[in-house]
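Residue-level listing of the chains:
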Amino acid sequence: RRGKAPSQKTQDGGGVAKAVKVRGAREHNLKNIDVDIPRDALVVFTGVSGSGKSSLAFGTLYAEAQRRYFESVAPYARRLMDQVGVPEVDAIEGLPPAVALQQQRGSPTTRSSVGSVTTLSNSLRLLYSRAGHYPPGQPHLAAEAFSPNTPAGACPRCHGLGRVYEVTERSMVPDDTLTIRDRAVAAWPPAWHGQNLRDILVTLGYDVDRPWRELPQKDRDWILFTEEQPTVPVYAGFTPAETRQALKRKETPSYMGTFTSARRYVLQTFATTESASIKKRVSRYLLSTECPVCEGKRLRREALSVTFAGLDIGELSRLPLGRVAEVLRPTAEGTAPGLEKWRREHPEKALVAERFTQDLLGRIKVLTGLGLGYLSLERSTPTLSPGELQRLRLATQIRSQLFGVVYVLDEPSAGLHPADTQALLAALAQLKGAGNSLFVVEHEVDVIREADWIVDVGPAAGEQGGHVLYSGPPEGLEAVEASQTRRYLLGHGKVARRTPRAPKGWLCLEGVSRNNLHNLDVRFPLGVFTSVTGISGSGKSSLVSQVLVELVSKHLGHELAPEEDEGEELERTPTLTSGGRITEGMEGVTRLVRVDQKPIGRTPRSNLATYTGLFDSVRKLFAATKAARARRYDAGRFSFNVPKGRCETCEGEGFVSVELIFLPDVFAPCPTCHGARYNAKTLEIQYKDKNIAEVLGMTVDGAYAFFKDEPHLTRSLGVLREVGLGYLRLGQPATELSGGEAQRIKLATELQRVQRGNTLYVLDEPTTGLHPADVEKLLVQLNGLVDQGNTIILVEHDMRVVSQSDWVIDVGPGAGDEGGRVVAAGTPEEVSQLAKSRTAPFLKHFLS
Ligand code: ADP
Ligand code: ADP
Ligand code: ZN
Ligand code: ZN
């Protein structure tokens, strides 16, 4: 076993020399617990989902450390902290300062990149500024001239975005068999304004009744692209022949109309409209292309003329980190050709180059060690998975050389293939070795096994949890019968063998190109349960969550549900040059459902009850009470989103936000309704002695008992319990839910629908955040869907799940450029036999 912390022997705290002593913790569901946790050790918090691990690690320990920090930097924060609420705990002794590396809940909104999060880009800019190769005669540039986010650095054509927005005939005329009268020019505005433009074309003598593609190119170009804006008489409602007559006779027109080409309309509207929906509409006709001036490198030409090892900074930022290391290594190790000469002629520059490359190399090594060597510096963080982002932050911490700190981490193994778990453990060991404590919430058995100390919380979720079942070295867990974790940790790891189902057909994709996938052919079996595996960065998400989902939705004729912040999205993510088509099998798919970990809403206004639709039924029940009818309160009165019934101080949010300079905003309970969200009149109405706010405060389990006479409520609530969410409160704001919880809510919403079969379900790592015991529950549900005639495709790392699927597609063999191919496809048994698959050995472990 690696590095045991020396001082922990007993679990009663008596023998723990350097310990964090928690007394009387009551945050969320914690049951007034006392626990001693060793410092300078890897401590793993385990337990079923909802048992209270995060409430202890984040809600109590980290929150308290943060509170103390606030107090020390800003005495006035004490008053605010009192309003916000301090963690419910009597005392914590021996708590060092803490750094939380939590999984991002929801997508990060800042415009950052791998280079900025890791600060590697800063160092690279200094390297180029001070030690870059400048063309003869060019003066030296300051470091900020190498940043696209400063006026000194940004390319003047694209303003540092790297892309310019354009339109083409194809983008604006998606169907060229249509006539102008039938709206061939789809990019034009709808309704009257579009009619006006078509009438103008009639006046100008264009043929609006011939299919677009039969019009002369010259006419098409003018209509779409001209900068001219002629103003001409319009005869509304006239046929082309009547218009010609009217023009000849110089009749008085209906009005004078001004022409605008489609391009002009689209670009101008996109740049100036304040309406998000109009902006979204026109953006559909825009193509973004690489900026021709900077070739997408976002920088001024002066900056791009400076090179290091033959590459400009934009080129270097596009390489995978692993390759960047190879470029820098010769200089760092002093073996670069010409370095000798450099040392003689510009000793200070050579020294800077060596120092900076050594530092960069050391930092990149940590990243590649964590399995992130396939990322490039310019990759934007919103395109990273939460697990990748957390590991980036972790790597940055390793180099920060802090010591005496507690790092609190949330499932760092998320998104990691078992082959990469060793690297993660090594990184954690490194932080610990530097004199830090690690408090990790984790479900992955391979990580739990490496712990110096385990705090197992349980026995079940929510009200049935919140006790410390065990606190001590891993071996001792064996004796704790109430622990669910014990079963998986000590169990042989084997699962029941099952015979894979036979596919009912195949969904065949050809010529798939996206990110690191190049012209790939792949087929997915229908009517069965498929797991797509491969190491992080091998291309699983590109294949499944991107290409497969897009192609199937296109085939089904529905556009992908747009992202809420699509306007911004457009600037970030280049239009994907994707290739690929479905050649077979769509007759077996009539519906597509993605069950992902994206939040079910971005505001505290959405919650489990509103998302699943069960709140509608609850509101109707309240509106149907005698008291409500006497006051003529309808169901809308019981919504906290509309003015009638909600508290107006907080507009139904239940809390108000307090802005702190230099610190993130904090939220304080609403002084009027104290968090109830409703006004006093609304709260007077009771259903079975509970008001609407009290119902929102119930857990799913509680509500299931409370509404036992309401069949469609018990149906929805029952499904939520089956996916293991019985512990959630109905009104728990969407912003407080973990990705895994959001995903299970989506799944439950699906399960409560009437099943017709032929639905394709796509899930991305559904086991994230789930204890192995919860994973089993999830599998029962997913198998149920398959038995009803549906298809399930998952991206998955949990070999317990993979071994129980009907079919496995292993992508790889490596990450980035070294991946992107189908290494193996077959039943779990077949794939586990293939020597070239990196997944095989781990899979075999569960099958033999
Ligand atoms: P775990 O980390 O073990 O999955 P949590 O600590 O997140 O469990 O949750 C324990 C209990 O506390 C659950 O019943 C959960 O619904 C509840 N809970 C979690 N976050 C909050 C919160 N912000 N407010 C109120 N209750 C919460
Ligand atoms: P996996 O899902 O197997 O972890 P991905 O499909 O996310 O792998 O990534 C495969 C490759 O494609 C990696 O090299 C990754 O950096 C790259 N990639 C993935 N998404 C994007 C994106 N949005 N923009 C640019 N590159 C991407
Ligand atoms: Zn540019
Ligand atoms: Zn209020």
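Below: a short report on this structure.

What counts, and at which threshold
- Residues numbered from 1 in each chain as written.
- Chains lettered and ligands numbered in written order.
- Predicted model: local features only at pLDDT ≥ 70, side-chain atom pairs only at ≥ 80, totals over all residues.
- Heavy atoms only, no water.
- Helix = DSSP H or I, 4+ residues; strand = E, 2+ residues; numbered from the N terminus.
- Contact = heavy atoms within 4.5 Å.
- Pairing = 2+ DSSP bridges.
- Axes fitted to C-alpha atoms, helices over the stretch in contact; angles between N-to-C directions.

Assignment of secondary structure puts H467 in strand β15 (residues 467-472). Along the backbone, H467 and I223 are 244 residues apart, and their C-alpha atoms lie at a distance of 72 Å. Excluding its chain neighbours within four sequence positions, the residues that come into contact with H467 are K31, I33, D456, V457, G458 and P459.

Turning our attention to the sheet that holds strand β4 (residues 91-93). What the three strands build is an open sheet, ordered β2-β1-β4; its pairing is antiparallel. This sheet does not close on itself; its edge strands, each paired only once, are β2 (33-38) and β4. Strand-to-strand twist of the sheet, defined as the mean angle between neighbouring strand axes without regard to direction, takes the value 5°. Pairing geometry for strand β1 (residues 19-25) and β4, over three bridges, is antiparallel. Each residue of the ladder has a partner; that of R23, found in β4, is A91.

Cis geometry marks the peptide bond from G458 to P459; its omega dihedral reads 5°. Here P459 shows up in the loop between β14 (453-458) and β15. For the bond from G812 to P813, the omega torsion is 0°, close enough to zero to count as cis. Mapped onto the elements, P813 comes out in the loop between β25 (807-812) and β26 (821-826). Although it is not a glycine, R183 adopts a positive phi angle of roughly 70°. Relative to the helices and strands, R183 is located in the loop between α5 (169-172) and α6 (191-203). With a phi angle near 50°, E651 is a residue other than glycine that sits in the positive phi range.

All right, on to the sheet that holds strand β3 (residues 42-46) then. Within a sheet, neighbouring strands are paired by backbone hydrogen bonds and run either parallel or antiparallel to one another. Read across the sheet, six strands follow the order β5-β12-β13-β3-β14-β15 without closing on themselves; strand pairing throughout is mixed. The outermost strands of the open sheet, each flanked by one partner alone, are β5 (98-101) and β15. Neighbour-to-neighbour, the strand axes of the sheet open up by a mean angle of 15°, direction not taken into account. Here β3 runs beside β14; their pairing, made up of four bridges, is parallel. Paired with T46 across the two strands is D456, which belongs to β14. Each of β5 and β12 (406-410) touches helix α16 (residues 386-398); the most contacted strand, β5, lies at about 150° to it. Against the sheet, helix α17 (residues 418-433) contacts β3, β12 and β13 (437-441), and its axis sits at roughly 145° relative to β13.

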